[in-house]
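# Descriptive structure summary
Each chain is listed here by its residues.
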Amino acid sequence: MSADTDAGPMIEIADLWKSFGAVEVLKGVSLRVGRGGVIAIIGPSGSGKSTLLRCVNLLEEPDRGQIRVGGREMKFGERRRSRTSDRELAAFRAATGMVFQHFNLFPHMTALENVTAGPVIVKRMARRAAEAEGRELLAKVGLADKAEAYPTHLSGGQRQRVAIARALAMGPAVMLLDEVTSALDPELVGEVLSVIEKLAEEGMTMVIVTHEIGFAHEVADAVAFMSDGVIVEIGPPAAVLERPDNPRTRNFLARFHRSRASPV
Amino acid sequence: MSAPSYAWDFSFLWGYRWLILFGLGITIAYTIGTILLGLVIGLATGLLRLSRSKLLTTPLVAYVEIFRCTPLLVQIIWFYYALPVVLGIDIPAHVAAVLVLSLYTGAFYAEIVRGGVNSIERGQWDAARAIGMRRGQVMRHVILPQAVKRMIPPFMNQSIIQLKNTSLVSTIAVADLLYEGTMITAATYRPLEVYTMVAVIYFVVLFPLTLMAQGVEHRLARAD
């Protein structure tokens, strides 16, 4: 990954299509994220946000289109190859960090083992070196003292921070965050968001699917509004979130503010 | 109507103690042997059934369903009497017995393996693949360590049933506990005592194992 010194975008998605059976979920999505850029994707559920992220690191294989992450490029749909090889997919994913809504920590491993699993198993790094790096990463997300804890003994916020450290351990070129605070109790959201903020400050390129509009406003360079499988509107947070051009964006944000304003 | 009176007398059985012990030994040997063979068959079948290749999974599905959906007694008789005719070779009773018992329990183990693997949340696959693990690595390092824990209770239950299943091989004259019981009955004309004793021996062996299985199940449940 050291050779990608080109000044082009870190992530470039061109005309991406994906359907599950008869349901078209992505209908020609294009997106560019510059090096160190942070893009927040908002939109109603079912609009294809999560599928887009899952396609970017190839957890779902797109039907058509093109994805470039760092120096690696994948094209889909033109050559009628039946399937990209497991090895190719794995190498691509290793360079693309992904964090999930439900953490998906490995329950049979300690926090440290979760973080070192990638380097040890995938990169074949020596265990001791991996553990030293793993402890540093856990310290970075504020969990130096939880290295030996199993996920069941961690709070949601702690689990999600371990999951972030686990993704970082692979030294990814970009990070994809899929509603990473949606499953958290409100009081635990802040600790996860501050870790993400720190990553943004350090220049990590990120695509963040989120419902935290305020956070998107604060941390993102650009906000994209997705609806019905396409990016309807994209631009600086102030523009998209405060003065949206598109009626669908306005509609979504209005409903959003109302639901947020009503006391629970 | 009063019940027919019958003078129970178990004392004669002492004279057959070695025969009975020998039968029990055969029963236990068949149980352990076919559990081990079945485990190999079941693990391989269960894991290969997860493959995406229809060419591979279709015959395995056929095997599992044929053995699960026909009575074991019929399978034993078929393998002993019909299969030799089909293949044109001689199949000794003990070979037929081991083959059928292993394949039969293997079919159930295969389903336990498949069920255990499928019971692991999709998110575990996602997370492991997201850090670049390949299919085999995900299976070995993430899915199986979790799935095996869930497979242990049904595996123990199926294995306990297997000890009872072995009694069916007596129908093709394999000298297990039940077969020896039948022989003793023929010699003494006292089937009531003989089959009571056979039942008691099966129970004495199986009941502690059942308790042990429950203990393990509870411990696993608590560890979760």
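The rules we used
Residues numbered from 1 in each chain as written. Chains lettered and ligands numbered in written order. Predicted model: local features only at pLDDT ≥ 70, side-chain atom pairs only at ≥ 80, totals over all residues. Heavy atoms only, no water. Helix = DSSP H or I, 4+ residues; strand = E, 2+ residues; numbered from the N terminus. Contact = heavy atoms within 4.5 Å. Buried area = accessible area lost by both parts, 1.4 Å probe. Salt bridge = Lys/Arg side-chain N within 4 Å of Asp/Glu carboxyl O. Polar contact = N/O pair within 3.5 Å; in protein donor to acceptor, adjacent residues only side chain to side chain. Pairing = 2+ DSSP bridges. Axes fitted to C-alpha atoms, helices over the stretch in contact; angles between N-to-C directions. Buried < 20%, exposed > 50% of the residue type's maximum accessible area, 1.4 Å probe, protein only.

### Some points on the environment of A:I121
- If you trace the backbone, A:I121 turns up in helix α3 (residues 111-122).
- Put simply, A:I121 and A:E242 are 121 residues apart on the chain and 46 Å apart in space, counted from C-alpha to C-alpha.
- Those residues in contact with A:I121, other than ones at most four positions away along the chain, are A:T116, B:M133, B:Q137 and B:H141.

### Here we look at the interface of chain B and chain A
- Contacts between the two partners involve 19 residues from chain B and, on the opposite side, 27 residues from chain A.
- When the two sides are added together, the surface that chain B and chain A hide from each other amounts to roughly 1900 Å², 57% of it contributed by carbon and sulfur.
- Where chain B meets chain A, there are two salt bridges.
- The salt bridge partner of A:D86 is B:R134, with a shortest N-O separation of 3.8 Å.
- Summed over the shared surface of chain B and chain A, the number is six residue pairs in polar contact (both at pLDDT 80 or more).

### Structural notes on the sheet that holds strand β9 (residues 222-227) of chain A
Residues and elements named next belong to chain A.
- Strands sit in the order β6-β7-β8-β3-β9-β10 across an open sheet of six strands; the sheet is mixed. The two strands at the open ends of the sheet, each matched to only one other strand, are β6 (96-99) and β10 (230-235). Here the strands of the sheet are splayed against their neighbours by 20° on average, with no regard to which way each runs.
- Of the strands in this sheet, β6 and β7 (174-178) are in contact with helix α5 (residues 156-168), which crosses β6 at around 170°.

### Side note on the pairing of strand β3 (residues 38-42) of chain A
Residue and element names in this part refer to chain A.
- The element β3 is largely enclosed, with a buried count of five among its five residues.
- Alternating positions in β3 separate into two faces, V38, A40 and I42 on one and I39 and I41 on the other, with burial throughout.
- Pairing geometry for β3 and strand β8 (residues 205-209), over four bridges, is parallel. Counterpart to A40 in the pairing with β8 is I208.
- In terms of strand pairing, β3 meets β9 through four bridges, oriented parallel. Each bridged residue has a counterpart across the sheet, and for I42 the counterpart in β9 is F225.

Treat this as a map of the structure, not an account of what it does.
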